[in-house]
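These are the residues of each chain, in order.
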Amino acid sequence: MKICEEKCYYREVREDIESLVNLDGRFNFGTYNRAVSKVNMLDAKKPLGYALPKWFLNFRLKEWEAFQAGNRDIFIFGAVYTAKISTLICLVIYDKRNKKLYDYEKIINTKKASIGKGLFNSETKGQTKAYYMCYENNLRKNEIVVKAKMEPHDLPMAILDIKAYHITEPIVICQPFGENRGLYSHKNFMPMEGYLILGDEKIVFDKGISHMIIDDHKGYYPYNMKYDWVTGWGKDNSGNTFAFNLTDNQVLNHEKYNENCIWIDGKMNVLPPIKVERKYENREVWNIKDEYDMVNISFYPETKTEIKFNYLIVKSDYEAPIGSYEGYFKLGDRKIDIAECFGMGEKKRIRI
């Protein structure tokens, strides 16, 4: 830890690595601010503690590519998520103008989906009848394109075609669940443009006022998977645009290894470990704080999606609320008081 007059937080941020896993099979654990060109999770030596074939490691590796996007009127969450026994395609659209939620979700055969290996030149895709989502990742051109088409019989047709520009500083993490059991994530807050067709309405996203957060994600998660996560973006009292990502998960040594950050002025700034406390009195509220007074925010869900079941071996207690934030962040002498902020969270407790 850095020594200073007041209690302060420091986490080393390294510029880049060539690959997640070295030639000796060890993960490059740390926090980075550039993309990793070789996302080679399956090259890790005994990530589950035993010498196992790659097909089994691939089966235990949770993978997804997800995004949040929108403007002042529309908030969108989308993902292609594979737990290998099945794959989930989802597109959640929240019309803030009318406080109306459109939830497109479909569980498909994993053979009909693919997850890209990193963001430099890859494709993530899931497709079945009436449900389609595709990510075209090309960081060589600093572009990520997301396309989706949802045509279920009980909801209006939704067509999405957006492009985000990877011109800001990302947070890229490689973190330990165990001695050589790794988690990888690449997240970034970016300007975005494109359109959404929702039923008879076409909503155009202007690059000057529309944004997207990407999450390229792979991990040898424990069988009992648990984390709390919140993200959002908005403006502070001075009119500056900011965004944040905060997670409390199962990695070791949260002081050294976490994925918490705030983006402001195009830069990524690391934040300390956080805890989420939920209250359900007059209304639901999530209070998110750290021990350094750098994070002190409250999340007020307006709506949510849920996946809850218990089949003994497989269980899900999952909530993904969408709503607004209040509070503040601190970066040194700079205080970022939230004037307006919108986003989402996840409470994930899954056995799979």
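The structure under discussion appears in the preceding block.
Each value, and the rule that gives it
Within any chain, residue numbers begin from 1 and follow the written order of that chain's sequence. At least 70 in pLDDT is required for a residue's local features to be given in this predicted model, at least 80 for side-chain atom pairs to be given and counted, and no such filter applies to totals for whole chains, interfaces and linings, which use all residues. To obtain the side-chain values, all non-hydrogen atoms of the structure were included, while hydrogens and water were left out. Note on conventions: DSSP H or I runs of at least 4 residues are helices, E runs of at least 2 residues are strands, and numbering of each starts at the N terminus. In this description the radius of gyration comes from C-alpha coordinates, and the expected globular size is given by 2.2 Å times residues to the power 0.38. Throughout, exposure labels follow a simple rule: accessible area from a 1.4 Å probe, protein chains only, divided by the maximum for the residue type, with under 20% read as buried, over 50% as exposed, and the rest as partly exposed. Contacts were defined at the residue level, with two residues in contact if any of their heavy atoms lie within 4.5 Å. For the accessible areas, the method is Shrake-Rupley and the probe is 1.4 Å, while residue cover comes only from the protein chains on display. Neither His nor the chain termini are counted; the positive set is Lys and Arg, and the negative set is Asp and Glu. Whenever Lys or Arg places a side-chain nitrogen within 4 Å of a carboxyl oxygen from Asp or Glu, that contact is recorded as a salt bridge. Side-chain atoms alone can form a polar contact between residues adjacent in sequence; in general such a contact is a pair of N or O atoms within 3.5 Å, and within protein one must be able to donate a hydrogen while the other accepts it. Working definition: a ring pair exists when centres of Phe, Tyr or Trp rings (six-membered ring for Trp) sit within 6.5 Å. Plane angles under 30 degrees give stacked, over 60 give edge-to-face, the rest tilted. Being paired, for any two strands, means DSSP has found at least two bridges between them. Buried residues of nine kinds, namely Ala, Val, Leu, Ile, Met, Phe, Trp, Tyr and Cys, make up a nonpolar core once their side-chain atoms join them within 4.5 Å. Lines fitted to C-alpha atoms define the axes, with helix axes restricted to the stretch in contact, and inter-axis angles between N-to-C directions lie between 0 and 180 degrees. The term disulfide is used for any two cysteine sulfur atoms that are within 2.5 Å. With a 1 Å grid laid over protein atoms only, a set of points is called a cavity when a 1.4 Å probe fits there but cannot get out and a pocket when it is open yet has protein on both sides within 12 Å along at least five of seven lines; lining residues have an atom within 4 Å of a point. Grid points are joined across faces, edges and corners, and a volume is the space filled by probe spheres set on the points. Ten residue types, Ala, Val, Leu, Ile, Met, Phe, Trp, Tyr, Cys and Pro, are classed as nonpolar, four, Asp, Glu, Lys and Arg, as charged, and the remainder, Gly among them, as polar.

Visitor: Whenever I open this one, the overall build of the chain confuses me. Can you help?
Guide: Each helix and strand counted, the chain has 1 helix and 23 strands in total. Over its C-alpha trace the chain gives a radius of gyration of 19 Å, about what one expects of a compact globule, namely 20 Å for 352 residues. The C-alpha extent of the chain, read off along each of the three principal axes, is 55 × 50 × 45 Å. The buried share among the 352 residues of the chain stands at 57%. Counting only contacts in the chain whose residues sit at least 6 apart along the sequence, the fraction spanning at least 24 positions is 54%. For the chain, the accessible surface area stands at approximately 16,100 Å², while carbon and sulfur atoms represent 47% of it.

Visitor: Explanation requested: the side chain of Lys62 in the structure shown.
Guide: By the secondary structure assignment, Lys62 is in strand E2 (residues 62–70). One buried charged side chain, Lys62, makes no salt bridge at all; its nearest oppositely charged neighbour is Glu63, positioned 10 Å away.

Visitor: Is there a simple way to explain the side chain of Asp228 in this structure?
Guide: Structurally, the position occupied by Asp228 is in strand E15 (residues 224–236). There is a polar contact of 2.6 Å between the side chain of Asp228 and the side chain of Arg278. When near neighbours in sequence (up to four residues on either side) are disregarded, Asp228 contacts Leu246, Thr247, Asp248, Val276, Arg278, Glu346, Lys347 and Arg349.

Visitor: Can you walk me through the packing of aromatic side chains in this structure?
Guide: The description of an aromatic ring pair uses the distance of the two centres, along with the angle that the planes make with each other. A full pass over the atoms with the stated rule returns 20 aromatic pairs. Aromatic pair Phe56 and Phe59: ring centres 6.5 Å apart, planes at 40°, arrangement tilted. With Phe56 and Phe59 both in helix H1 (residues 54–60), this residue pair falls 3 residues apart, about one helical turn. Classification of Phe59 by relative accessible area gives partly exposed; the value is 35%. Arranged with centres 6.5 Å apart and planes meeting at 35°, the rings of Phe189 and Trp263 form a pair that is tilted. Residue Phe189 is located in strand E12 (residues 181–198), and its partner Trp263 is located in strand E17 (residues 261–264); the two are separated by 74 residues in the primary sequence.

Visitor: For this particular structure, what's the right way to read the pairing of strand E7 (residues 122–128)?
Guide: As paired strands, strand E6 (residues 113–114) and E7 are joined by 2 bridges and run antiparallel to one another. Its bridge partner lying in E7, Ala113 is registered against Gly126. As paired elements, E7 and strand E8 (residues 131–138) share 7 bridges and run antiparallel to each other. What sits directly across from Thr124, in E8, is Tyr135. Where E7 folds back on E8, the antiparallel hairpin that results is connected by 2 residues, among which Ala130 adopts a positive phi of roughly 75°.

Visitor: Teacher, can you tell me more about the pattern of salt bridges here?
Guide: Opposite charge on two side chains makes pairing possible when the charged atoms of those side chains draw close. Following the criterion strictly, the structure yields 26 salt bridges and no others. Residues participating in the shared-partner salt-bridge network are Glu284, Lys304, Lys308, Asp317, Glu319 and Lys347.

Visitor: When you look at the nonpolar core in this model, what are you seeing that I'm missing?
Guide: For soluble globular proteins, nonpolar side chains are generally found buried alongside one another. Membership of the largest hydrophobic core comes to 76 residues, with the highest contact counts inside it found for Phe244, Leu246, Ile288 and Phe329. Each residue touching Leu246, except ones within four places of it in the same chain, is listed here: Asp228, Trp229, Val230, Asn260, Leu271, Ile274, Ile288, Val295, Ile297 and Phe329. Formed by 35 residues, the second largest nonpolar core is a distinct cluster that contains Ile74, Val80, Leu91 and Leu160.

Visitor: When you look at the sheet that holds strand E19 (residues 275–280) in this model, what are you seeing that I'm missing?
Guide: Whenever strands of a sheet pair, they do so through backbone hydrogen bonds, lying parallel or antiparallel. Strand order in the open sheet made by the 9 strands is E18-E17-E16-E15-E23-E22-E21-E20-E19, with antiparallel pairing throughout. Of all strands in the sheet, those with a lone pairing partner are strand E18 (267–270) and E19, marking the two edges. Within the sheet, the average angular offset between the axes of one strand and its neighbour, ignoring direction, is 20°.

Visitor: Any chance you could explain the state of the cysteines here in plain terms?
Guide: In protein structure, a disulfide is the covalent linkage between the sulfur atoms of two cysteines. Taken as a whole, this structure holds 0 disulfides when the rule is applied. Left unpaired, Cys261 is separated from the closest cysteine sulfur, that of Cys341, by 13 Å. Note on Cys341: relative accessible area 7%, which makes it buried.

Visitor: What's the story with the pairing of strand E23 (residues 334–351) in this structure? I'm lost.
Guide: Strand residues, when the strand is regular, have side chains that alternate between the two faces of the sheet. Bridging between E15 and E23 involves 13 bridges; their strand directions are antiparallel. Across the sheet, residue Trp229 finds its bridge partner in E23, namely Glu346. Counted between consecutive antiparallel strands, the loop separating strand E22 (residues 314–331) from E23 contains 2 residues, among which Gly332 sits at a positive phi close to 60°.

Visitor: I keep staring at unusual backbone geometry and nothing clicks. Help me out?
Guide: Peptide bonds are mostly trans, and most non-glycine residues show a negative phi. With a phi close to 50°, Lys99 is a non-glycine residue in the positive phi region. Position of Lys99 relative to the elements: it lies in the loop between strand E4 (87–95) and strand E5 (100–108). Even without being glycine, Asp265 reaches a positive phi, approximately 60°. For Asp265, the position within the fold is in the loop between E17 and E18. With relative accessibility at 54%, the residue Asp265 sits in the exposed group.

Visitor: I tried to follow the layout of surface pockets on my own but got confused; where do I start?
Guide: Regions of empty space are outlined by a rolling probe, equal in size to a water molecule, passed over the atoms. The space that makes up the largest pocket amounts to roughly 660 Å³. Taken together, 36 residues line the largest pocket, and the ones lying closest to its centre are Tyr81, Leu88, Ile307, Lys348 and Ile350. Of the residues in the lining of the largest pocket, the class split is 21 nonpolar, 8 polar and 7 charged.

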